[in-house]
Amino acid sequence: MEGFVNFIQAFLDLGATVILPVAIFILGMIFGQKPGKAFRSGLTIGIAFVGIFLVVDLLVHNLGPAAQGMVDRLGVELNVIDIGWPASSSIAWASIVAAFIIPLGLMVNVIMLATKTTKTMNVDIWNFWHYTFTAAMVYTITNQVVLALLAAVLFQIVCLKIADWTAPMIGEFYDLPGVSIATGSTISYAPGIFLVKGLQRIPGVKKWNVDPETIEKRFGILGESMFIGLVLGATIGFLAGYSIGDVIEIGIAMAAVMVLMPRMVKILMEGLMPVSESAREWLNKRFGDREIYIGLDAAVALGHPSVISTALILVPITVFMAVVLPGNALLPFGDLATIPFIVAFIVGAARGNIVHSVIVGTIMIAISLYIATDVAPIFTQMAIDSNFNIPEGAGLISSIDQGGNMINYIIVKLFALFS
């Protein structure tokens, strides 16, 4: 068992840029593609994700220090530290139940495809860590492996069903036909879709429409996505108390994110479309005319300028809410750069309307802060059990991403009844 666990961990350590190309190549071969064509699709997707994660790193390395600067200026003292998704995933994969999650997750997905209870073939194996996290949290409170694995399966089923439901919106608004998003952090914010629909029925409020296209029409070249990124990035730098030079630097970095991300997503689709078409042909021959979606990382939705614009506006709002919300104990930091991932469904439902997206995003993040605060003791115990080094000066740890995940929270509370 130890050897199998080490093998799984070594495979996961390769990261999404290796795991996804391998998965796509294998799928291409299964669906009857020639080896050369399948290899080209996998390699193209690998290259695209290298580019996407380079741009994400640019976002993270600029937003992280800026967020810390805003927190320092406000003199915030909260006793639960947001350690971010990278550390959260490490804690999850170090759990005693982690070795079972990937084979179990693949089996569940295959069964659901065969029984037509899902249309999503989720190749985003790296993000199975969200299922692992739920399992690890349930194991922490119940000390029962079977219950932990059942919790992971339940979380996966919810993710796949929501991915099916939102796939038409992903295809239409983000121009990603045949793609669905089953990433756990994004799925948690799916209830925001209903809030968007409610907001767009309120007289007056429904007319508050600001999107990149409207801005560009009104302001011309100054309304292009790169200039929006420049202004929003510079504003964050100013709020963080940066010098003029650093304000300009973060502004240019955010402008680069706005320009580069859509181009990386375009390369991704170039590699994905042949596999998607082969999958449909293969399934149609065996099961009749059937729609199938390829489940990918939520990073594919970051190419739309409304997503980045909404996220950049929500960064200072999140820091401010952490200070003023009564009962919140989470100090947001590590997952502030994850906000673009968690608002993807909200922005899509709002059709790119930045005003509506920010309003709903604010409500959903406020809920996440409270959830992350509530699960902090369990989260911290998980970290201790995984021999994770707690940040110095932190009483407890949690995260906005999975610690504040609404679906995870409901499942954990349900299984807590068996503890």
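Please refer to the structure placed before this passage.
Below is a short write-up of the structure.

**A look at helix 4 (residues 84-93)**
Turning to step 1, where the next piece is worked out: With seven of 10 residues buried, helix 4 lies mostly within the body of the structure.
Turning to step 2, where the next piece is worked out: Those residues of helix 4 lying buried are G84, A87, S88, S89, I91, A92 and W93.

**Re a nonpolar patch on the surface**
Turning to step 1, where the next piece is worked out: On the surface, V18, V22, F25, I26, M29, I30, F39, L43 and I47 cluster together into a nonpolar patch covering about 760 Å² of accessible area.
Turning to step 2, where the next piece is worked out: Only helix 2 (16-30) and helix 3 (35-74) provide two or more residues apiece to the nonpolar patch.
Turning to step 3, where the next piece is worked out: The element contributing the most residues to the nonpolar patch is helix 2, with six residues.
Turning to step 4, where the next piece is worked out: Within the fold, I47 resides in helix 3.

**Considering the packing of helix 6 (residues 129-142) against helix 18 (residues 406-415)**
Turning to step 1, where the next piece is worked out: The contact between helix 6 and helix 18 brings their axes to 10 Å, and the two run at 25°. Taken together, the axes of helix 6 and helix 18 are roughly parallel relative to one another. Crossing hand, helix 6 versus helix 18: right-handed. Only N408, I411, V412 and F415 of helix 18 make contact with helix 6, whose side of the interface consists of F133, T134, M137, V138, I141 and T142.

**Let's talk about the packing of helix 4 against helix 6**
Turning to step 1, where the next piece is worked out: Viewed as axis vectors pointing N to C, helix 4 and helix 6 meet at an angle of 60°, and their least axial separation amounts to 8 Å. In terms of orientation, helix 4 and helix 6 fall into the oblique class. Helix-helix and strand crossings are classified by hand; for helix 4 and helix 6 the assignment is left-handed. Seen from helix 4, the contacting residues are W85, S88, S89, A92 and W93; seen from helix 6, they are W129, T132 and F133.
Turning to step 2, where the next piece is worked out: Considered class by class, the residues forming the contact of helix 4 with helix 6 number five nonpolar, three polar and no charged.

**Observations regarding the environment of L149**
Turning to step 1, where the next piece is worked out: Examined against the element boundaries, L149 turns out to sit in helix 7 (residues 145-173).
Turning to step 2, where the next piece is worked out: When the C-alpha positions of L149 and A98 are compared, they lie 9.3 Å apart, and in sequence the two are 51 residues distant.

**Overview of the pattern of salt bridges**
Turning to step 1, where the next piece is worked out: For the structure shown, the criterion picks out two salt bridges.
Turning to step 2, where the next piece is worked out: Linking R351 and E172 is a salt bridge whose minimum nitrogen-to-oxygen distance equals 3.5 Å. Taken together, the residues span a long stretch of sequence, with R351 in the loop between helix 15 (344-349) and helix 16 (354-374) and E172 in helix 7 at a distance of 179 residues.
Turning to step 3, where the next piece is worked out: Classification of R351 by relative accessible area gives partly exposed; the value is 42%.

**Regarding empty space enclosed by the protein**
Over the atoms rolls a probe the size of a water molecule, and its path tells where empty space is left.
Turning to step 1, where the next piece is worked out: This model, assessed by the stated rule, comprises two cavities of 30 Å³ or more.
Turning to step 2, where the next piece is worked out: There is about 30 Å³ of room inside the second largest cavity.
Turning to step 3, where the next piece is worked out: Around the second largest cavity sit I101, L104, G105, Y131, A152, V153 and Q156, which together line it.
Turning to step 4, where the next piece is worked out: If you list the elements that add at least two residues to the lining of the second largest cavity, you get helix 5 (98-114) and helix 7.
Turning to step 5, where the next piece is worked out: A per-class count over the lining of the second largest cavity returns five nonpolar, two polar and no charged.

**So, the sheet that holds strand 1 (residues 80-82)**
Turning to step 1, where the next piece is worked out: Strands sit in the order 5-1-6 across an open sheet of three strands; the sheet is parallel. Both edges of this open sheet fall to strand 5 (330-331) and strand 6 (396-398), since each of them pairs with a single strand only.
Turning to step 2, where the next piece is worked out: Bridging between strand 1 and strand 5 involves two bridges; their strand directions are parallel. Across the sheet, V80 pairs through a bridge with L330, a residue of strand 5.

**Quick notes on the side chain of T186**
Turning to step 1, where the next piece is worked out: By the secondary structure assignment, T186 is in helix 8 (residues 184-187).
Turning to step 2, where the next piece is worked out: For T186, a relative accessible area of 0% puts it in the buried group.
Turning to step 3, where the next piece is worked out: T186 has contacts with I181, A298, F341, I342, A344 and F345, leaving out every residue within four places of it along the chain.

**Things to note about the nonpolar core**
Nonpolar side chains in soluble globular proteins generally cluster together in the buried interior.
Turning to step 1, where the next piece is worked out: Residues Y174, I339 and F345 are the most contacted members of the largest nonpolar core, which totals 138 residues.
Turning to step 2, where the next piece is worked out: In contact with F345, other than residues within four places in its own chain, are I162, T166, M169, I170, I181, T186, I187, A190 and I193.

**A closer look at unusual backbone geometry**
Turning to step 1, where the next piece is worked out: The backbone phi angle of K116 is positive, close to 60°, even though this residue is not glycine.
Turning to step 2, where the next piece is worked out: Counting through the fold element by element, K116 comes out in the loop between helix 5 and strand 2 (120-122).
Turning to step 3, where the next piece is worked out: Of note, N143 is a non-glycine position whose phi angle comes to about 60°, a positive value.
Turning to step 4, where the next piece is worked out: Tracing the chain through its elements places N143 in the loop between helix 6 and helix 7.

About the thresholds
Residues numbered from 1 in each chain as written. Predicted model: local features only at pLDDT ≥ 70, side-chain atom pairs only at ≥ 80, totals over all residues. Heavy atoms only, no water. Buried < 20%, exposed > 50% of the residue type's maximum accessible area, 1.4 Å probe, protein only. Helix = DSSP H or I, 4+ residues; strand = E, 2+ residues; numbered from the N terminus. Patch = residues over 30% accessible without salt bridge, like charges linked within 9 Å, V, L, I, M, F, W, Y side chains within 5 Å. Areas by Shrake-Rupley, 256 points an atom, 1.4 Å probe, with all protein chains shown as cover. Salt bridge = Lys/Arg side-chain N within 4 Å of Asp/Glu carboxyl O. Axes fitted to C-alpha atoms, helices over the stretch in contact; angles between N-to-C directions. Parallel < 35°, antiparallel > 145°, perpendicular 65-115°, else oblique. Left-handed = near helix turned anticlockwise from the far one by under 90°. Contact = heavy atoms within 4.5 Å. Nonpolar A, V, L, I, M, F, W, Y, C, P; charged D, E, K, R; others polar. 1 Å grid on protein atoms, 1.4 Å probe; cavity = no way out; pocket = protein on both sides within 12 Å on 5 of 7 lines; lining within 4 Å. Points joined across faces, edges and corners; volume = space filled by probe spheres on them. Pairing = 2+ DSSP bridges. Core = buried A, V, L, I, M, F, W, Y, C linked by side-chain atoms within 4.5 Å.

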